[in-house]
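Below are the chains, spelled out letter by letter.
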Amino acid sequence: MITIQPKKGSLLIAEPAIIGDVSFNRSIVLLAEHSHEGSVGFILNKPLDYNINDLVPEVEANFRVYNGGPVEQDNLYFIHRIPDLIPDSVEISLGIYWGGDFSKVAELISTNSIKEDEIRFFLGYSGWAAQQLDDELKSNSWVVTENIYKNEIIGKDYESFWKEKMLEFGDEYSIWSNAPENPNYN
């Protein structure tokens with residue numbers, strides 16, 4: 001398997017070796033920012049037991065909210081693929097956008113103008129200081145891959161995502177695809 005250098009829009013796939021890490025066990029992170037100053041990303045496959053209406057009562061929708069990472073978990077973030085509808089969005093890459101005017105998002109949801117597979121909400125984010133992610137890559141905590149799903153990743157099923165990546169990697173990774181998340185259950 002060939003790994004690439006991280007950049008905006010890359011995916012970080014948690015190595016099976018970081019089992020036990022509460023925040024990142026079996027995580028797939030979309031890098032929203034990566035520079036010499038640090039990195040920011042959102043965990044794509046860790047849903048919470050909340051929907052957007054639980055957190056923002058005036059937004060009457062059942063759009064699922066995900067654990068974006070361990071940093072600032074009291075803040076709501078979102079990525080989407082509809083920049084023409086949400087002003088002030090910033091492109092991450094491949095037609096995926098970060099943030100924008102939340103009052104417009106609330107209005108669009110209330111008029112059924114946004115579908116759940118076009119936007120994903122997160123509590124918190126994943127952050128790395130300068131060189132921190134590089135150190136984690138050197139210690140084999142992550143595999144960096146291209147985002148082959150482009151902006152369709154926003155609607156990607158979270159339940160089997162990590163398992164699919166392990167099977168794609170093949171060889172020594174495929175055995176991990178069926179291992180229980182908690183090794184004590186083995």
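Here's what I pulled together on the structure shown here. (Residues numbered from 1 in each chain as written. Predicted model: local features only at pLDDT ≥ 70, side-chain atom pairs only at ≥ 80, totals over all residues. Heavy atoms only, no water.)

A few points about the nonpolar core
Rule in force here: In this description, a nonpolar core means a group of buried Ala, Val, Leu, Ile, Met, Phe, Trp, Tyr and Cys residues linked to one another through side-chain atoms lying within 4.5 Å. Using a 1.4 Å probe on the protein chains alone, a residue whose accessible area is under 20% of its type maximum counts as buried, one over 50% counts as exposed, and one in between counts as partly exposed. Numbering of helices and strands runs from the N terminus; a helix is a DSSP stretch of H or I covering at least four residues, while a strand is a stretch of E covering at least two. Residue contacts are counted whenever heavy atoms from the two residues lie within 4.5 Å of one another.
Membership of the largest hydrophobic core comes to 36 residues, with the highest contact counts inside it found for Leu44, Ile79 and Trp142. Of all the secondary-structure elements, those providing two or more residues to this core are strand S1 (11–14), strand S2 (28–35), strand S3 (38–43), strand S6 (71–80), strand S9 (119–129), helix H3 (132–138), strand S10 (142–145) and helix H4 (161–169). Residues contacting Ile79, with those up to four places away along its chain left out, are Leu30, Phe42, Leu44, Ile92, Ile96, Tyr97, Trp98, Glu118, Ile119, Arg120, Phe122 and Ile154. Within the second largest apolar cluster, 17 residues are counted, among which are Ile52, Val65, Ile114 and Leu123.

Details of the pairing of strand S5 (residues 64–67)
Let me state the cut-off plainly: One requirement defines pairing of two strands: DSSP has to find at least two bridges between them.
Taken together, the two bridges between strand S4 (residues 47–51) and S5 define a ladder with antiparallel strand orientation. Pairing of Asn51 across the sheet is with Arg64, part of S5. Where S5 and S9 come together, three bridges link them in parallel fashion. Looking at the pairing, Tyr66 lines up with Phe122 of S9.

A word on H4
The line we're drawing: Arc, as used here, means the arc of the directions from the helix axis to the C-beta atoms.
Here H4 has its buried residues at Phe161, Trp162, Lys165, Met166 and Phe169. Each buried residue of H4 lies within a common arc of 140° when the element is viewed along its axis, so the set occupies one face. Looking at the buried side of H4, the elements it contacts are S1, S2, S10 and helix H5 (171–174). Gly170, located one to two residues past H4, shows a positive phi value of around 65°.

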